[in-house]
Amino acid sequence: MSEESDSLRTSPSAASLSESELPPPPAPAGYVCSLTEDLVAKAREELQEKPEWRLRDVQALRDMVHKECPNLSTSLEDAFLLRFLRARKFDYDRALQLLINYHSCRRSWPEVFNNLRPSALKEVLASGFLTVLPHTDPRGCHILCLRPDRWIPSNYPITENIRAIYLTLEKLIQSEETQVNGIVILADYRGVSLSKASHFGPFIAKKVIGILQDGFPIRIKAVHVVNEPRIFKGIFAIIKPFLKEKIANRFFLHGSDLNSLHSNLPRNILPKEYGGTAGELDITAWNAALLASEEDFVREFCQPGPPCDSILGQALPPEGLSSEAPCDDSMWAVKSQLYSCY
């Protein structure tokens, strides 16, 4: 690899030249940072993001895309590329791989990503299957609340729920605050039966977790599970083999012990349903925010694109995301695994 290529791959913290020896790049008119001073400091400490070099880093990633992935159909705007740099702590190589994975995921699961727009998911949104709580946690993380008991399998397939989750993540990650702080997931498994759990087999689990861990630029800081029935042991047994150790250690199972939940998420940010003091759980505000973003999603997900980017044909997608992966989790096999947890 040439010296020029090596220099592109070197992160600012490891650069051979000191920062004082290099002139800071001019700030283009396209990007204006919306972070508060506190979040700028947090990004510097946790993500290795240096404001004075931010746009130089973006340009370095853009140059890598041009050189190594010339056929990758992707946005190269500053704000978009920053999502991937922040998610990988400004490691250029890892940010580039995440960007490739992001597009590979979208092409490898068309039933989830084709025609992805809020108006196509009105039934899921109206069911209350998911919402984002109005208050952030003490670290500034938005809280994505999932309630699988609201899903009626006879109404629509489980992939519609996955589409709604991805839609919500896309909306959340538009915020620079979320890019820095990350998100927290609160999953309420009250009333989830064996028949409903059997829809979430290893094939689906592997694809979803592959996207969340390796194919989407978001930081998941914690997953809090409440009201989980005994059957959840089977669900978690399906999920855990695909989780990286860091993510697995961020799962917290609280059962019906809301005091345990409140030690992590204070009562004043939680709705009444979870022992909080922030009023009734209301899904209307978040649904309205998503539906108001219809044009953004139509522009991003509903336009005809190239049938297959050559770079995606050469790149290896995250484990479990290959569209050719065999679906070997028959209903019988999944139910057998879940029954064993009783």
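For the structure itself, look to the data block above.
Criteria and cut-off values
Residues numbered from 1 in each chain as written. Predicted model: local features only at pLDDT ≥ 70, side-chain atom pairs only at ≥ 80, totals over all residues. Heavy atoms only, no water. Helix = DSSP H or I, 4+ residues; strand = E, 2+ residues; numbered from the N terminus. Areas by Shrake-Rupley, 256 points an atom, 1.4 Å probe, with all protein chains shown as cover. Contact = heavy atoms within 4.5 Å. Core = buried A, V, L, I, M, F, W, Y, C linked by side-chain atoms within 4.5 Å. Buried < 20%, exposed > 50% of the residue type's maximum accessible area, 1.4 Å probe, protein only. Polar contact = N/O pair within 3.5 Å; in protein donor to acceptor, adjacent residues only side chain to side chain. Pairing = 2+ DSSP bridges. Axes fitted to C-alpha atoms, helices over the stretch in contact; angles between N-to-C directions. Parallel < 35°, antiparallel > 145°, perpendicular 65-115°, else oblique. Nonpolar A, V, L, I, M, F, W, Y, C, P; charged D, E, K, R; others polar. Salt bridge = Lys/Arg side-chain N within 4 Å of Asp/Glu carboxyl O.

The secondary structure content of the protein amounts to 18 helices and 5 strands. For the protein, the accessible area works out to roughly 16,300 Å², and carbon and sulfur atoms hold 52% of it.

A word on the environment of L39. Structurally, L39 can be placed in helix α2 (residues 37-47). Taking C-alpha positions, L39 is 9.7 Å from G140, a pair spaced 101 residues apart along the chain. Ignoring anything within four residues of it in the chain, the contact list for L39 reads E177, V180 and N181.

This next bit is on the nonpolar core. Ranked by size, the top nonpolar core spans 78 residues in total, and within it W109, F113, Y166, F200, F216, I235 and L243 carry the most contacts. Discounting residues that sit within four places of it in the chain, W109 has contacts with T159, I162, I204, K207, V208 and I211. The next biggest cluster of nonpolar side chains, apart from the first, holds 15 residues, and it includes I143, V184, L186 and L261.

This part covers the environment of S34. Position of S34 among the secondary structure elements: in the loop between α1 (3-9) and α2. Taking the relative accessible area as the measure of exposure, S34 reaches 55% and is therefore exposed. Within the structure, the side chain of S34 is placed 2.7 Å from the side chain of E176, a separation counted as a polar contact.

This part takes up the sheet that holds strand β4 (residues 220-226). Ordered by their spatial adjacency, 5 strands build an open sheet running β1-β2-β3-β4-β5, and the pairing between neighbours is mixed. This sheet does not close on itself; its edge strands, each paired only once, are β1 (130-132) and β5 (251-255). Between one strand axis and the next, the sheet turns through 20° on average, direction left out of account. In this sheet, strand β2 (residues 142-146) lies alongside β1 in antiparallel orientation, the contact comprising 3 bridges. Across the sheet, residue L130 finds its bridge partner in β2, namely L146.

Moving on, we get to the pairing of β2. For β2, a buried count of 5 out of 5 residues is recorded, marking the element as mostly surrounded by other parts of the structure. Both β2 and strand β3 (residues 183-188) contribute to a ladder of 5 bridges, which runs parallel. Note that in β3 the partner of L144 across the bridge is I185.

Looking now at the side chain of H262. Among the secondary structure elements, H262 is positioned in helix α14 (residues 258-262). For H262, a relative accessible area of 17% puts it in the buried group.

Before going further, it helps to examine helix α4 (residues 78-87). Along an α-helix, residues three or four positions apart point the same way, because every turn accommodates 3.6 residues. Most of α4 is tucked away, with 9 of its 10 residues classed as buried. Those residues of α4 that sit buried are D78, F80, L81, L82, R83, F84, L85, R86 and A87. On the buried face of α4, the contacting elements are α2, α3 (54-68), α5 (92-108), α8 (158-172) and α9 (176-181). Of the residues trailing α4, K89 is marked for its positive phi of about 50°.

Direction vectors running N to C along α3 and α4 enclose 90°, while the axes themselves pass 9 Å from each other. Considering the angle they form, α3 stands roughly perpendicular to α4. Contacts between α3 and α4 involve R54, L55, D57, V58, L61 and R62 from the former and D78, L81, L82, L85 and R86 from the latter. A breakdown of the residues in the contact of α3 with α4 according to their chemical character gives 6 nonpolar, no polar and 5 charged.

Glancing now at the pattern of salt bridges. The final tally for this structure, using the stated rule, is 15 salt bridges. The closest approach of N and O atoms between R86 and E176, which form a salt bridge, is 2.9 Å. Residue R86 is found in helix α4, and its partner E176 is found in helix α9; the two are separated by 90 residues along the sequence. For the residue pair R86 and E176, the accessibility class agrees, reading buried in each case. Between E280 and K272 there is a salt bridge, and its shortest N-O distance comes to 3.5 Å. Residues E280 and K272 agree in their burial class; the two are exposed. A cluster of three or more residues bridged by salt bridges with shared partners is formed by E49, R54, R86 and E176.

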